[in-house]
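Residues per chain are reported as follows:
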Amino acid sequence: SGIESIHSYGIIHRDIKPANIMLYYKANNKLSIKIIDFEFSEETLQAGQCKGPVMGTLEYMAPEILTGQKYGTSVDIWASGVILYEMLLNSIPFYNDFIEASLINRAVKNAVLNVTIPFHYTKKEKRIIVYNIKRAKVNSRVFSLFKTENKEAYNLLMGKTCEKYKFIFNQAPSKRITATEMKCHEYIKDLCEKENDKMRNIFRFFLKNNEANIGK
């Protein structure tokens, strides 16, 4: 609903990521989710109107931003798909086995040395991520296991075999699902309408990844 509301005002956020999602306590002491940090946001009157410098966070950028095309609100949908994938599989979709192994090795080294080193991708890692994003190429080894376990979430991210269904990781922005359409998707409706383990896992994900963004 947050992304849908932003888009209804003709605004593109351009930096949807876990660090810009805040858990917020309502008056009834229930948690809700807020989108924050509109530093990179842009107003657009039409889909595909906005074009400017590459802005955002690499892992969550849509391919049309990286390729220098005009783009619209669908870039926020792409970013929300990356977050969904990350929540479900604890990994960035456009990493490959080389990057996964490299990140693990760095984490182990930091733990052994008992130091905290600022995180930066190597040039090779950046090239791999950009290449995979431009081609909507997710880590097939990880995702193939997920496909059989959670078909509805898989269909939302990658689509069904029938071309009439819109989905998130569609390279063509015009064929990407919208925020309003996503709200009506079976998987999202199940998350929003039921107080179940899936919803609790979402809150755990944001608590784990951004403990500072909790307000009242």
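Here we summarise the structure given alongside this text. (Residues numbered from 1 in each chain as written. Predicted model: local features only at pLDDT ≥ 70, side-chain atom pairs only at ≥ 80, totals over all residues. Heavy atoms only, no water.)

**With respect to the pattern of salt bridges**
Turning to step 1, where the next piece is worked out: Using the criterion set out here, one finds five salt bridges in the structure.
Turning to step 2, where the next piece is worked out: One salt bridge in this structure joins glutamate 64 and arginine 176, with 2.8 Å as the shortest N-O distance. With glutamate 64 in helix α2 (residues 63–66) and arginine 176 in the loop between α7 (151–158) and α8 (179–183), this pair connects stretches of sequence that are 112 residues apart.
Turning to step 3, where the next piece is worked out: Residue class for glutamate 64 comes out buried when judged on its relative accessible area of 1%.
Turning to step 4, where the next piece is worked out: Relative accessible area serves as the criterion here: at 2%, arginine 176 is assigned to the buried category. (Salt bridge = Lys/Arg side-chain N within 4 Å of Asp/Glu carboxyl O. Helix = DSSP H or I, 4+ residues; strand = E, 2+ residues; numbered from the N terminus. Buried < 20%, exposed > 50% of the residue type's maximum accessible area, 1.4 Å probe, protein only.)

**Some remarks on a positive patch on the surface**
Turning to step 1, where the next piece is worked out: A cluster of basic side chains, namely Lys123, Lys124, Lys126 and Arg127, defines a positive patch on the protein surface.
Turning to step 2, where the next piece is worked out: Along the chain, the position of lysine 123 falls in helix α5 (residues 123–134).
Turning to step 3, where the next piece is worked out: According to the relative accessible area criterion, lysine 123 is exposed, its value standing at 69%. (Patch = residues over 30% accessible without salt bridge, like charges linked within 9 Å, V, L, I, M, F, W, Y side chains within 5 Å. Areas by Shrake-Rupley, 256 points an atom, 1.4 Å probe, with all protein chains shown as cover. Lys, Arg positive; Asp, Glu negative; His and termini not counted. Charge placed at Lys NZ, Arg CZ, Asp CG, Glu CD.)

**Brief notes about the packing of helix α3 (residues 74–89) against α7**
Turning to step 1, where the next piece is worked out: Axis separation between α3 and α7 bottoms out at 10 Å; the angle between their running directions is 150 degrees. Between α3 and α7, the angle falls in the class roughly antiparallel. Crossing angle aside, the handedness with which α3 passes α7 is left-handed. Of α7, the residues touching α3 (which contributes Gly81, Leu84, Tyr85 and Leu88) are Ala153, Leu156 and Leu157.
Turning to step 2, where the next piece is worked out: Per-class residue counts for the contact of α3 with α7 are six nonpolar, one polar and no charged. (Axes fitted to C-alpha atoms, helices over the stretch in contact; angles between N-to-C directions. Parallel < 35°, antiparallel > 145°, perpendicular 65-115°, else oblique. Left-handed = near helix turned anticlockwise from the far one by under 90°. Contact = heavy atoms within 4.5 Å. Nonpolar A, V, L, I, M, F, W, Y, C, P; charged D, E, K, R; others polar.)

**Brief notes about the packing of aromatic side chains**
The description of an aromatic ring pair uses the distance of the two centres, along with the angle that the planes make with each other.
Turning to step 1, where the next piece is worked out: Tallied over the full model, the rule gives four aromatic pairs.
Turning to step 2, where the next piece is worked out: Considering the side-chain rings of tryptophan 78 and phenylalanine 94, the 5.6 Å spacing of their centres and the 10 degrees angle between planes classify their relative orientation as stacked. With tryptophan 78 in helix α3 and phenylalanine 94 in the loop between α3 and α4 (97–113), this residue pair connects regions lying 16 residues apart in the sequence. Grouping residues by exposure puts tryptophan 78 and phenylalanine 94 together as buried.
Turning to step 3, where the next piece is worked out: Seen from their ring centres, phenylalanine 94 and phenylalanine 169 are 5.4 Å apart, and the 65 degrees between their planes marks the pair as edge-to-face. Of this pair, phenylalanine 94 sits in the loop between α3 and α4 while phenylalanine 169 sits in the loop between α7 and α8, and the two are 75 residues apart along the sequence. (Phe/Tyr/Trp six-rings, centres within 6.5 Å; stacked < 30°, edge-to-face > 60°.)

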